[in-house]
Amino acid sequence: MNAPTPHHTIRSVCPHDCPSVCALDVDILPDGKVGRVRGAKDDPYTAGVICEKVARYAERIHHPERLTHPMRRVGPKGAGQWQRISWDEALDEIATRFLEIEAAHGPESIWPYFYAGTMGHVHRDGIERLRAVRGYSHQYDTICTGLAWPGYIAGTGLLGGVNPEQMAESDCVVIWGTNAVHTQVNVMTHAMKARKTRGAKIVVVDIYRTATMDQADMGLVVRPGTDGALATATMHVLLRDGLADRDYMAKYTDFSADFEAHLRTRTPEWASEVTGLSVAEIEAFAHLVGSTPRTFFRLGYGFSRQTNGATAMHAALSIPAMTGAWQHRGGGAFHSNSGTWGLDKSRLEGTHLQKGTPRLLDMSEVGPILTGNAAALQNGAPVHAMIVQNTNPACVAPDQTLVRQGFLRDDLFLVVHEQFMTETAELADIVLPATMFLEHNDYYTRGGHTRILFGPAVVEAPGEARSNHEVINALALRLGSDDPVFSTTDREVVAETFARSGLPSIEEVQKTGFIDKERPDDVARFANGFGWPDGRFRFEPDWDAVAKKKGYRWVCDPAIMPRFADHWDVTEKTDAEHPFKLATSPARAFLNSSFNQTPGSLKREGEPSVFIHPSDAAAQNIVDGEPVTVGNHRGEVQLTARLFDGLPTGTLIAEGLHRNKAHRGGQGINMLTNAQPAPPFGGAPFHDAAVWIRKSN
Ligand SMILES: Nc1nc2c(c(=O)[nH]1)N[C@H]1C(S)=C(S)[C@@H](COP(=O)(O)OP(=O)(O)OC[C@H]3O[C@@H](n4cnc5c(=O)[nH]c(N)nc54)[C@H](O)[C@@H]3O)O[C@H]1N2
Ligand SMILES: Nc1nc2c(c(=O)[nH]1)N[C@H]1C(S)=C(S)[C@@H](COP(=O)(O)OP(=O)(O)OC[C@H]3O[C@@H](n4cnc5c(=O)[nH]c(N)nc54)[C@H](O)[C@@H]3O)O[C@H]1N2
Ligand code: SF4
Ligand SMILES: [Mo]
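Residues numbered from 1 in each chain as written. Chains lettered and ligands numbered in written order. Predicted model: local features only at pLDDT ≥ 70, side-chain atom pairs only at ≥ 80, totals over all residues. Heavy atoms only, no water.

1. Quick notes on the packing of helix α9 (residues 227-240) against helix α13 (residues 279-290)
- Relative to each other, α9 and α13 sit at 65 degrees, their axes nearing to 9 Å. Crossing of α9 over α13 shows right-handed handedness. Each of Leu-230, Ala-233, Thr-234, Val-237, Leu-238 and Arg-240 in α9 lies in contact with α13, whose residues at this interface are Ile-282, Glu-283, Phe-285, Ala-286, His-287, Val-289 and Gly-290. (Axes fitted to C-alpha atoms, helices over the stretch in contact; angles between N-to-C directions. Helix = DSSP H or I, 4+ residues; strand = E, 2+ residues; numbered from the N terminus. Left-handed = near helix turned anticlockwise from the far one by under 90°. Contact = heavy atoms within 4.5 Å.)

2. Overview of the pairing of strand β3 (residues 34-39)
- Bridging between strand β2 (residues 23-28) and β3 involves four bridges; their strand directions are antiparallel. Across the sheet, the residue bridging to Ile-28 is Val-34, located in β3.
- Where β2 folds back onto β3 in an antiparallel hairpin, the turn is made up of five residues, including Gly-32, whose phi is positive at roughly 85 degrees. (Pairing = 2+ DSSP bridges.)

3. Observations concerning the site of ligand 3
- Every residue close to ligand 3 is listed here: Cys-14, Cys-18, Ser-20, Val-21, Cys-22, Ile-50, Cys-51, Lys-53, Val-54, Val-185 and Leu-591.
- The residue inventory of the shell around ligand 3, partitioned by class, reads nine nonpolar, one polar and one charged. (Near = heavy atom within 4 Å. Nonpolar A, V, L, I, M, F, W, Y, C, P; charged D, E, K, R; others polar.)

4. What about unusual backbone geometry?
- Following Pro-679, the chain continues into Pro-680 via a peptide bond in cis, with omega recorded as 0 degrees.
- Summarising the element assignment, Pro-680 is placed in the loop between β24 (651-653) and β25 (689-695).
- Phi is positive for Gln-378, close to 55 degrees, though the residue is something other than glycine.
- Within the secondary structure layout, Gln-378 lies in the loop between α15 (366-370) and β14 (385-389).
- The partly exposed category is assigned to Gln-378, whose relative accessible area is 34%.
- Here Asn-390, not a glycine, exhibits a phi torsion of approximately 70 degrees, which is positive.
- With respect to the secondary-structure elements, Asn-390 resides in the loop between β14 and α16 (393-396).
- Its relative accessible area of 14% is what places Asn-390 among the buried residues. (Buried < 20%, exposed > 50% of the residue type's maximum accessible area, 1.4 Å probe, protein only.)

5. Some points on the nonpolar core
- Ranked by internal contacts, the top residues of the largest apolar core, which has 172 residues, are Trp-176, Phe-285, Met-322, Met-386 and Phe-407.
- Broken down by element, the residue count for this core peaks at nine residues, all from helix α14 (residues 309-323).
- Those residues in contact with Phe-407 that lie beyond four places of it in its chain are Lys-77, Val-366, Leu-370, Met-386, Pro-393, Ala-394, Leu-412, Leu-414, Thr-424 and Leu-427. (Core = buried A, V, L, I, M, F, W, Y, C linked by side-chain atoms within 4.5 Å.)

6. What to know about the sheet that holds strand β4 (residues 71-73)
- Strand order in the open sheet formed by six strands is β5-β4-β16-β15-β14-β6, and the pairing between neighbours is mixed. In this open sheet, the two strands that pair with only one neighbour each are β5 (82-84) and β6 (113-114).
- As paired elements, β6 and β14 share two bridges and run parallel to each other. Note that in β14 the partner of Phe-114 across the bridge is Gln-389.

7. Notes on the domain arrangement of the protein chain
- Assigned domains within the protein chain: domain 1 (8-61), domain 2 (71-144 + 351-516), domain 3 (148-335) and domain 4 (580-695).
- The C-alpha-based centres of domain 1 and domain 2 are spaced at 25 Å.
- Across the boundary between the two partners, domain 1 contributes 25 residues, which contact 26 residues of domain 2.
- Across the interface of domain 1 and domain 2, roughly 2,000 Å² is buried in total on both sides, 65% from carbon and sulfur atoms.
- Across the contact surface, domain 1 and domain 2 share two salt bridges.
- Of the charged contacts in the structure, one is a salt bridge between Arg-446 and Asp-43, with a shortest N-O distance of 3.3 Å. (Domains from an automatic or database assignment. Buried area = accessible area lost by both parts, 1.4 Å probe. Salt bridge = Lys/Arg side-chain N within 4 Å of Asp/Glu carboxyl O.)

8. Observations concerning the site of ligand 2
- Around ligand 2 sit 29 residues in total, of which Asn-392, Glu-418, Asn-468, Ser-593 and Ser-594 are the nearest.
- Between a nitrogen atom of ligand 2 and a main-chain N or O atom of Val-396, the distance comes to 2.9 Å.
- At 3.0 Å, a side-chain N or O of Gln-419 approaches an oxygen atom of ligand 2.
- Protein contacts shield 96% of the accessible area of ligand 2, which totals 910 Å² for the unbound molecule.
- Viewed by domain, the shell around ligand 2 spans two of them, domain 2 (71-144 + 351-516) and domain 4 (580-695), each represented by three or more residues. (Polar contact = N/O pair within 3.5 Å; in protein donor to acceptor, adjacent residues only side chain to side chain. Areas by Shrake-Rupley, 256 points an atom, 1.4 Å probe, with all protein chains shown as cover.)

9. Thoughts on the environment of Arg-294
- Within the fold, Arg-294 resides in the loop between α13 and β11 (295-299).
- Spatially, the C-alpha atom of Arg-294 lies 9.9 Å from that of Thr-323, the residues being 29 residues apart in sequence.
- Each residue touching Arg-294, except ones within four places of it in the same chain, is listed here: Glu-169, Ser-170, Asp-171, Cys-172, Arg-198, His-328, Arg-329, Gly-330 and Gly-331.
- There is a polar contact of 3.1 Å between the side chain of Arg-294 and the backbone oxygen of Glu-169.
- A distance of 3.3 Å separates the side chain of Arg-294 from the backbone oxygen of Arg-329, its partner in a polar contact.

10. Observations regarding the pattern of salt bridges
- Counted by the stated rule, this structure contains 51 salt bridges.
- Notably, a salt bridge pairs Arg-73 with Asp-429, separated by 2.8 Å at the nearest N-O pair. Taken together, the residues span a long stretch of sequence, with Arg-73 in strand β4 and Asp-429 in the loop between α18 (423-426) and β16 (430-433) at a distance of 356 residues.
- Taking the relative accessible area as the measure of exposure, Arg-73 reaches 22% and is therefore partly exposed.
- In this structure Asp-429 comes out as buried when scored by relative accessible area, which is 10%.
- In this structure, Glu-260 engages Arg-246 in a salt bridge whose closest nitrogen and oxygen atoms are separated by 2.7 Å. Of this pair, Glu-260 sits in helix α11 (residues 257-264) while Arg-246 is found in helix α10 (residues 246-252), placing the two residues 14 residues apart along the sequence.
- Residue classification places Arg-246 among the partly exposed residues on the basis of a relative accessible area of 41%.

11. A few points about the environment of Leu-479
- Mapped onto the fold, Leu-479 is located in the loop between α19 (468-478) and α20 (490-500).
- Expressed as a C-alpha distance, the spacing of Leu-479 and Ala-95, which sit 384 residues apart in the sequence, is 5.8 Å.
- Look past the residues within four positions of Leu-479 in its chain and what remains in contact with it is Ala-95, Phe-98, Leu-99, Leu-130, Arg-134 and Tyr-136.

12. Some details on the side chain of Gln-306
- Residue placement: Gln-306 occurs in the loop between β11 and α14.
- Residue class for Gln-306 comes out buried when judged on its relative accessible area of 3%.
- Beyond its immediate sequence surroundings of up to four residues, Gln-306 is in contact with Leu-147, Pro-224, Gly-225, Thr-571, Pro-685, His-687 and Asp-688.

13. Some words on the packing of aromatic side chains
- As enumerated under the stated definition, the model contains 23 aromatic pairs in all.
- When the ring of Trp-176 is compared with that of Phe-303, the centres are 5.9 Å apart and the planes differ by 35 degrees; the resulting orientation is tilted. Placement of Trp-176 in strand β8 (residues 172-176) and of Phe-303 in the loop between β11 and α14 is noted, with a sequence separation of 127 residues between them. In this structure, Trp-176 and Phe-303 share a single accessibility class: buried. (Phe/Tyr/Trp six-rings, centres within 6.5 Å; stacked < 30°, edge-to-face > 60°.)

14. Let's talk about the sheet that holds strand β12 (residues 332-334)
- With parallel pairing, five strands are arranged side by side in an open sheet as β10-β9-β8-β11-β12. Looking along the sheet, the strands with just one partner apiece sit at the ends: β10 (218-221) and β12. Strand-to-strand twist across the sheet, computed as the mean angle between neighbouring axes with direction ignored, equals 15 degrees.
- Taken together, the five bridges between β8 and strand β9 (residues 201-206) define a ladder with parallel strand orientation. In the sheet register, Val-173 faces β9, and the bridge partner there is Ile-202.
- Its contacts with the sheet place α13 against β8, β9, β10 and β11, and it is angled at close to 130 degrees to β10.

Listed below in structure tokens is the structure:
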């Protein structure tokens, strides 16, 4: 069948929570619907390539299950009995209930909750205005970046790195703890270009043989949570074999005799025991990166989702500071550029409206918080009301037993603004229908690159769907604010944020769709010094200084942190009852829980499964394709066993966040994950759970 001829094509941006933030060319069909979606060829980072799930976006935006009108719960919580209501009824009821709850329990008993369902700043962060104007509880954003970012900043002092387009100029690209083929396909475009044009070597470090590792020249499969051992042993070999750049370290780092003595104990033999790699593999890796000046370390999030993840990130990042790779084009490191935008979002976020200094509640601890855990509530009032936008905590948050129990509380008034009837929306008192990115205006910063992009409203929203911006504004007005920001359009807020931040006008930006915020190359590679007062990279992190830079708060005794870049043995321990480590790595065709209802994605991902090594399976008489139950003291999940020799014995991998109800038994994978905030500053160690597995009865 031929695709219908587009009426016209528009430039947009992928709004999803993915470091690539691709520039898109979207065909708009004669009937006003969305046709094909392609990666922009003229965008140097997107370079014409996008993932398959977004290429099929018509399936998502025109999905028959899109929410189209506000609804009120009529039966018991979660029973799925709804009554259609008007927007005025919905907004009036929310405002009335919020004011009643505020009067009875104080403003901090209301907790607006959001994440990055859309990465557009107006529709993602505007909820902060509502919070500010009433003095509601704040949200501590830990769920995704809480471990990775501090670990990176601990070394460089700034959350920024070398322009990742330069991977194409590398002689060795180390893709560490990210399954880029699944999660940010554009990394592969640039890494592959280096291989093709320069014969560059590609190294992948993961805990199983991923689709990314399948494309590597050197694949290092480590045991979960042991990257710090690989990193420190690599540095041991670099020093031992004369491959460290001592001049660079003397000038640009805090390298010390004490650190060198510490690394002398981190031998490849020791690391081999810890990681499961052979001594030869560790030495080969060290020799490759030590003898290839243009080595680019692309450090992902995955390996930070371990209890020791912040220290693992810092340890891996320490390698290029020892080899001096930062000095060479095509060399250095990159994790995120999210610390480099310099935007003034004060009006967008309503900083000028902030009432009082409310407590900061940890989003990853939503389960403990809603079930009355006093420490998680900071000994304050229980949460009695929430408005949720852009996230699906009843699927994605850790320790689902508690999350579900909390959301089912009769004394919790829950409003969920969504595009679909997610697990969280199912538990709401009021459900509001939300627009999608092609139905509203917003701007997006590209964490995995250097650009700010604009995405205009180009198609009609279905039914009565309204944008996050409209809902936040309408509620604030009903809650008694007369601040003019609550009478703005989304486009006005984009324009104003650009103006306040000294960026070109929206009309100007719309000509190309982007603003380039690339920093000069010498700045990006810290040639004038790292982001610490003495300009030196820290092998010996000052975590307190990291906390001060970003407003992080300690969740452990600072004294327990390792002194130097290290392997920190604090991950969840296996024992006789829980002999396996489970990681919940990303599925290719889902994005967290987004796309887990589109036909193309469901077809590719099939049923929720778990990879197990054939010898582990044999020991328990588990055969391929058989129903199994995986569990621990937090809960149980039913999956289908997939025998796979691409992972170490003792490790299990369950890819992706399928819908809870896609699992036999109706419980999703986050039944097994841990909501205990990981040191130093919190964050959920999603890939760090000790479990058992057995045949389902
Ligand atoms: N298709 C798809 N794309 C996505 C997402 C998705 O769910 N699906 N999620 C989006 C979001 S929100 C984010 S933050 C990014 C995250 O993207 P990434 O940076 O890729 O991080 P993760 O997806 O958490 O995990 C990446 C890899 O880390 C591995 N890993 C887990 N533990 C360890 C460890 O201890 N050591 C090592 N070396 N590796 C380990 C996992 O097996 C996995 O293969 O991706 C985004 N893009
Ligand atoms: N087990 C396990 N759990 C994980 C992870 C893991 O690796 N393993 N990864 C974690 C990570 S990195 C992250 S970032 C979190 C992410 O978790 P979430 O933030 O929950 O991400 P999504 O599942 O994509 O859900 C986003 C929701 O926002 C909705 N949405 C999108 N755009 C809009 C909009 O404009 N308005 C409104 N109102 N809604 C919108 C979508 O329909 C979708 O339901 O999950 C975490 N959970
Ligand atoms: S999900 Fe990521 S790779 Fe896919 S189109 Fe969006 S930004 Fe690009
Ligand atoms: Mo994330």
